[in-house]
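Each chain, letter by letter, is given below.
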Amino acid sequence: MNCEWVRQNVTLYLYGELADDAQHELEQHVARCQTCAAELAEQREFQEQMSALPVEEPTASFLAASRMRLQEALEHEHPQRAWYQRLAFDPTAWLRQVRFSPALAMVIFMVGFGGGLGAMYQSMRHNPGTPQPENINWQAIGGVTAIEKDPATNEVKVQYDRVAPGTVQGRVSDPKVQDLLLYAAKSNENSGVRLSSVDALAEKTDDPRVRETLTYALRYDSNPGVRLHSLEGLAAYVKDDIRVRNAVLESLLNDSNLGVRSGALHALEPVKADSSVRMALEQLAKDDPSDYMRGESKRLLAAMPTVY
Amino acid sequence: MAAEAIAIALTVSPGIAVAGVPGAEQAPTVIPSHERGAAEQTQRRMNDAELIREAQRGNQAAFEELVRQYDGPVLRLAYHMTRSEQDAQDIYQEAFLKAYRNIGSFRFECSFYTWIYRIVTNLCLDHLRKRQVRKEDSGVVTDSDGETFDMLDQVADVRPGASPEKDLMRRELGSRIAKVLEKLTPRERMVFEMKHYQGLKLRTIGEILNTTEETAKNTLFRGTQKLRAALRGVR
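Residues numbered from 1 in each chain as written. Chains lettered and ligands numbered in written order. Predicted model: local features only at pLDDT ≥ 70, side-chain atom pairs only at ≥ 80, totals over all residues.

Quick look at the overall build of chain B
Scanning chain B from terminus to terminus reveals eight helices and two strands. Helices and strands appear in chain B in the N-to-C order α-α-α-α-β-β-α-α-α-α. Considering only residue pairs separated by 6 or more positions, chain B has 61% of its internal contacts joining residues 24 or more positions apart. (Helix = DSSP H or I, 4+ residues; strand = E, 2+ residues; numbered from the N terminus. Contact = placed C-beta atoms within 7 Å.)

Listed below in structure tokens is the structure:
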């Protein structure tokens, strides 16, 4: 090891990037070479100086604003799909192509005509009496169109679209009904259907899958009503399920709707002594823009036993 | 089928469970403390792989979870590089949109961490190159009276124990450093940023920049020498 090697490697040494043996040798060399000791001191001073330009963690609001902007953009995006997926799921793209391809139009017409005949034949064979839960072909489902609950029998009727619309009826505990409800809660375009689905699922929150779906709706559903109903379904689990508690905490701090936030505040009351909840309450009591949220947070904090 | 609406909520604490990704949670196991670091890394890698596969199958909740895991450091890097909230947010946005559009072509040849950093660093490099062409000094802006001032000078130090004198000195030095950093080539700036400010390993930096660890070391050495000379010049 010579002085030139030390000069080349002193940066790596200070950044902890030298191998253990090289690090040892460098230290030995610097202990007996004044020039290299000075070089090390200068490099150390340089690194300290450079740290005067601080690296700041993005503030919560900056991160939240960036995420919201990204969210908007993602809503208009579709991932690159394989051709067969486009064929199955993106009829509008096909129709655009048809304008430029008469031969393709003919093929679609023939497939459509044949498919229509097939569907008609199937529906004629199928007895449309009381629909029973059937094996669901998930690939063929176009969306859940309606959910109705019969208070007398406590059964739920889930209507969904396939090539032809289908209906499934049974209790929420029926796995096939439940699967459809879980599906509808997450992926339906119609917020009314999502709301009914979340309501029906609220009676089965002892099932972790149901809690996961309601947590998802609470975090991500664009409709505040759906979020509020999910919150109501989850409230009983803020104590026992940490994921539920975290999701409710997120809503408390970040939901755009005051009703949902105030619902979250009250749902968290049984676990207000939890350190994460207390920190959130302190933050809200200090600087929440809403008078109501500030006041309620202060009230909950005041009612809390002092920890010595 | 219509796409699910994606909403990204702010993470309150680390370790929040994955929502909407079946099988993304693992049963808790007791791991001895000395093995925990490696075990957590492996666990993270496994979770990432599952999330990526789900995202590749079109599960947007899984992609969203990936965003939540990585977007803090991405935004911090972009903000420190550009020193502008607007530019940082543009880079953040572009990076995750690119990741979303190209997740299907992710082949697990590197970690998602490396992959997303590669996208971000390329965008930062483009930004630096454009800025060099415009010869724009991002720190200096002109106010409505035509007076120029350095934006960094406006940032007050709120750390405990900071005195106004120390704060002033710190701001002056910070402003000088920002100017000195402009002397580096975009690539030197990027390597210095990732090593000095973001604390990444040179091996990772090499991987992110599609080069070797040795080249990253050389670039860091060159950049450091330039900066030391430039700082001596402004003392």
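Quick notes on the overall build of chain A
For chain A, the helix and strand inventory stands at 15 helices and three strands. In chain A, buried positions account for 28% of the 308 residues. (Buried ≥ 20, exposed ≤ 12 C-beta atoms within 10 Å, placed from the backbone.)

Observations concerning unusual backbone geometry
Residues and elements named next belong to chain B. Its identity as a non-glycine residue notwithstanding, F108 has a phi of 60 degrees, on the positive side. Accessibility expressed as a C-beta count within 10 Å gives 12 for F108, which makes it exposed. Unusually for a residue other than glycine, N210 sits at a positive phi of about 55 degrees. Its location among the elements puts N210 in the loop between α7 (202–208) and α8 (213–234).

Some thoughts on helix α4 (residues 60–75) of chain A
Each α-helix winds once per 3.6 residues, and so residues spaced three or four apart point in a common direction. The end-to-end C-alpha separation of α4(A) is 22 Å, in line with the 22 Å expected for 16 residues at 1.5 Å each. For α4(A), the set of buried residues is A:L63, A:S66, A:R67, A:L70 and A:L74. The arc enclosing the buried residues of α4(A), seen along the axis, measures out at 100 degrees, which places them on a common side. Exposed positions of α4(A) whose direction lies more than 90 degrees from the buried face are A:S61 and A:E72. Tucked into the core, α4(A) has its buried residues touching α2 (60–82) and α3 (85–102) of chain B. (Expected span 1.5 Å × (residues − 1). Arc of directions from axis to C-beta.)

Overview of the nonpolar core
A:V158, A:V248, B:A78, B:A95, B:I116 and B:V120 are the most contacted members of the largest nonpolar core, which totals 95 residues. Of all the elements, α2(B) adds the most residues to this core, at twelve residues. Those residues within four positions of A:V248 in sequence are excluded, and the remaining contacts are A:L231, A:L234, A:V238, A:A264, A:A267 and A:L268. Counting five residues, the second-largest nonpolar core is a separate cluster that includes A:V10, A:L26, A:C36 and A:L40. (Core = buried A, V, L, I, M, F, W, Y, C linked by C-beta atoms within 7 Å.)

Focus: helix α1 (residues 3–14) of chain A
With twelve residues, α1(A) extends 16 Å from end C-alpha to end C-alpha; this agrees with the ideal 16 Å at 1.5 Å per step. Note on α1(A): the residue one or two positions beyond its end, A:G16, has a positive phi of about 70 degrees.

Some remarks on the environment of A:A280
All names here are of chain A. In this fold, A280 is placed in helix α14 (residues 275–287). Residue classification places A280 among the buried residues on the basis of 23 C-beta atoms within 10 Å. Each C-alpha atom, one on A280 and one on L252, is 8.2 Å from the other, the two residues being 28 residues apart in sequence. Filtering out sequence-adjacent residues up to four positions away, A280 remains in contact with L249, L252 and L253.

Notes on the sheet that holds strand β3 (residues 166–170) of chain A
All names here are of chain A. Taken in spatial order, the three strands of this open sheet run β1-β2-β3, and their pairing is antiparallel. The open sheet has two edge strands with one neighbour each: β1 (143–150) and β3. Pairs of neighbouring strands in the sheet enclose a mean axial angle of 15 degrees, with direction left out of account. Pairing between strand β2 (residues 155–161) and β3: five bridges, direction antiparallel. Residue pairing across strands places Q159 opposite T167, the latter belonging to β3. Helix-sheet contacts for helix α8 (residues 175–187) involve β1, β2 and β3, and the interaxial angle to β2 is about 60 degrees. The sheet contacts of helix α9 (residues 191–201) involve β1 and β2, and relative to β1 the element is tilted by about 45 degrees. (Pairing = 2+ DSSP bridges. Axes fitted to C-alpha atoms, helices over the stretch in contact; angles between N-to-C directions.)

Focus: the packing of helix α12 (residues 242–254) of chain A against helix α13 (residues 258–267) of chain A
All names here are of chain A. It is the contact of α12 with α13, at a shortest axis distance of 8 Å, that shows an interaxial angle of 135 degrees. Looking at the two axes, α12 sits oblique to α13. In this structure, α12 crosses over α13, and the sense of that crossing is left-handed. Only V260, R261, A264, L265 and A267 of α13 make contact with α12, whose side of the interface consists of V248, S251 and L252. Broken down by class, the residue content of the contact of α12 with α13 amounts to six nonpolar, one polar and one charged. (Parallel < 35°, antiparallel > 145°, perpendicular 65-115°, else oblique. Left-handed = near helix turned anticlockwise from the far one by under 90°. Nonpolar A, V, L, I, M, F, W, Y, C, P; charged D, E, K, R; others polar.)

Looking at the packing of helix α11 (residues 224–234) of chain A against α13(A)
Residue and element names in this part refer to chain A. Between α11 and α13, the least distance of the axes is 9 Å, while the angle of their chain directions is 5 degrees. In this view, α11 runs roughly parallel relative to α13, as classed from their interaxial angle. Residues P224, R227, L228 and L231 of α11 pack against G259, V260, G263, A264 and A267 of α13. Its residues placed into classes, the contact of α11 with α13 shows six nonpolar, two polar and one charged.

Some words on the confidence of the model for chain A
Residue-level pLDDT values for chain A average 78, and 76% of them are 70 or greater. This model gives residues 79–129 of chain A a pLDDT under 50, and the stretch forms 19 contacts once residues within four places in sequence are excluded. (pLDDT = per-residue confidence, 0-100.)

Considering the environment of A:I147
Residue and element names in this part refer to chain A. Take I147: it is sitting in strand β1. A sequence separation of 49 residues divides I147 from S196, and the C-alpha atoms of the two residues are 6.1 Å apart. Leave out the neighbours within four places in its chain, and I147 touches V156, K157, V158, A184, V193, S196, S197 and A200.

Comments concerning the confidence of the model for chain B
All names here are of chain B. Residue-level pLDDT values for chain B average 75, and 66% of them are 70 or greater. Here strand β2 (residues 148–150) is the element of chain B with the lowest mean pLDDT, 42, and helix α6 (residues 186–197) is the one with the highest, 96. Of the regions scoring below 50 in pLDDT, residues 136–160 engages in 32 contacts with residues more than four places distant in sequence or in other chains. Listed scores for the predicted complex are pTM 0.49 and ipTM 0.70.

What to know about the pairing of β2(A)
Residue and element names in this part refer to chain A. Residue alternation in β2 divides its side chains into a buried set, V156, V158 and Y160, and an unburied set, E155, K157, Q159 and D161. Pairing analysis gives seven bridges linking β1 to β2, with the strands arranged antiparallel. Bridging from a neighbouring strand, D150 pairs with E155 of β2. The antiparallel hairpin formed by β1 and β2 contains four residues in its connecting segment, where N154 sits at a positive phi of about 65 degrees.

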